[in-house]
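Chain residues, written in single-letter form:
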Amino acid sequence: MPEQLVKPAAIRIRRAVQQDNAQIRKIVAASLADFGISVEFSGLDVAIGVAGLPDSRNAIELVAELDGEVVGCLALEALSDGQAKLFGFHVSQACRGLGVGRALLTQAVTAARQAGFRVLHLDTWDSMGSAIRLYESMGWCAAENPPPESGANRSYLLQLA
C-alpha cells in the first residue's frame, strides 16, 4: 500500500482580537523563557501584553493560527515620519520551523505597507539566531544597536518604500 502524505496544516494570519490576549501572553512568556528572559508585561513587554484588547494603542496586531489555535503573534507601533517598530514577535516552540514566523512576518510587512509605513524597525537579541536569519532572509538590514535599557542588543530595519 502506498504511503499517504500528510498535508501540513494551513497557517492563517489575522488581526488579533480580545479573545486572543491570554494565548498571546502565554506564547510571549514561554518564548522569552526559552531564551532565559523574564517577561515584563508591566514594563518592556507592555505593548504586546495588551494585544487584542480594546485599549491597545498598537497600529497593527497580528496572530498566526495553526489548526485553529493561536501559535504566534506580533505587533507594530507607529513612530513618526512613516516609521513603525515591530515587537512582540513570537512563535510557540512546538510550531517553530513550520513557516509560521515567515508567514506572520510577511503579513506584517504587507499590512505595514498598506497602512502607509515606509520604514520598519525592530530590536532583538543576538541569541535569537533563527529570528535573525529570518529577518536577514527577508531583506532586513542591521542597524545601530539599541541602548542597553531597550531590553535588546541588536537592531534591524526594513525599507518599505
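See the structure shown above.
Residues numbered from 1 in each chain as written. Predicted model: local features only at pLDDT ≥ 70, side-chain atom pairs only at ≥ 80, totals over all residues. Heavy atoms only, no water.

S.K.: Can you lay out the overall build of the chain for me, pointing to particular residues and giving the numbers?
M.R.: When helices and strands are tallied, the chain shows 4 helices and 7 strands. Ordering the α and β elements of the chain from the N terminus gives β-α-α-β-β-β-α-β-α-β-β. Computed over its C-alpha atoms, the radius of gyration of the chain comes to 16 Å, within 12% of the 15 Å expected for a compact globule of 161 residues. Scored against the burial criterion, the 161 residues of the chain give a buried share of 40%. For the chain, contacts bridging at least 24 residues in sequence account for 61% of all contacts bridging at least 6. (Helix = DSSP H or I, 4+ residues; strand = E, 2+ residues; numbered from the N terminus. Rg over C-alpha atoms; globule rule 2.2 N^0.38 Å. Buried < 20%, exposed > 50% of the residue type's maximum accessible area, 1.4 Å probe, protein only. Contact = heavy atoms within 4.5 Å.)

S.K.: So what about the pattern of salt bridges? Which residues, and what values?
M.R.: Counted under the stated rule, the structure contains 5 salt bridges. Its salt-bridge partner being arginine 14, residue glutamate 65 comes within 2.9 Å of it at the nearest N-O pair. In this pair, glutamate 65 is assigned in strand β2 (residues 60-66) and arginine 14 in strand β1 (residues 11-15), connecting sequence segments 51 residues apart. One exposure class covers both glutamate 65 and arginine 14, and it is buried. Where lysine 85 meets aspartate 123, a salt bridge forms, and the shortest distance between an N and an O atom there is 2.9 Å. Taken as a pair, lysine 85 in strand β4 (residues 83-91) and aspartate 123 in strand β5 (residues 119-124) lie far apart in primary sequence, 38 residues in all. With relative accessibility at 26%, the residue lysine 85 sits in the partly exposed group. Within the structure, one salt-bridge network assembled from shared partners comprises Arg12, Arg14, Asp20 and Glu65. (Salt bridge = Lys/Arg side-chain N within 4 Å of Asp/Glu carboxyl O.)

S.K.: With reference to specific residues and values, describe the nonpolar core.
M.R.: Soluble globular proteins: nonpolar side chains tend toward being buried together. Residues Ile48, Leu86, Leu120 and Trp140 are the most contacted members of the largest nonpolar core, which totals 44 residues. For this core, the elements supplying multiple residues, two or more each, are α1 (21-34), β2, β3 (69-78), β4, α3 (100-114), β5, α4 (129-137) and β7 (154-159). Looking at this core element by element, the count peaks at 7 residues for α3. Leucine 86 has contacts with Leu74, Ala75, Leu76, Leu105, Ala108, His121, Leu122 and Trp140, leaving out every residue within four places of it along the chain. (Core = buried A, V, L, I, M, F, W, Y, C linked by side-chain atoms within 4.5 Å.)

S.K.: Describe the pairing of β5, naming the residues involved and giving the relevant values.
M.R.: The pairing of β4 with β5 spans 4 bridges and is classified as parallel. By the bridge assignment for β5, lysine 85 is matched with histidine 121. A crossover links β4 with its parallel partner β5, the connecting element being α3, and its sense is right-handed. As defined by bridge partners, β5 adjoins β7 across 6 bridges and the pair is classed as antiparallel. Note that in β7 the partner of valine 119 across the bridge is glutamine 159. (Pairing = 2+ DSSP bridges. Right-handed = clockwise from strand over helix to strand, strands pointing away.)

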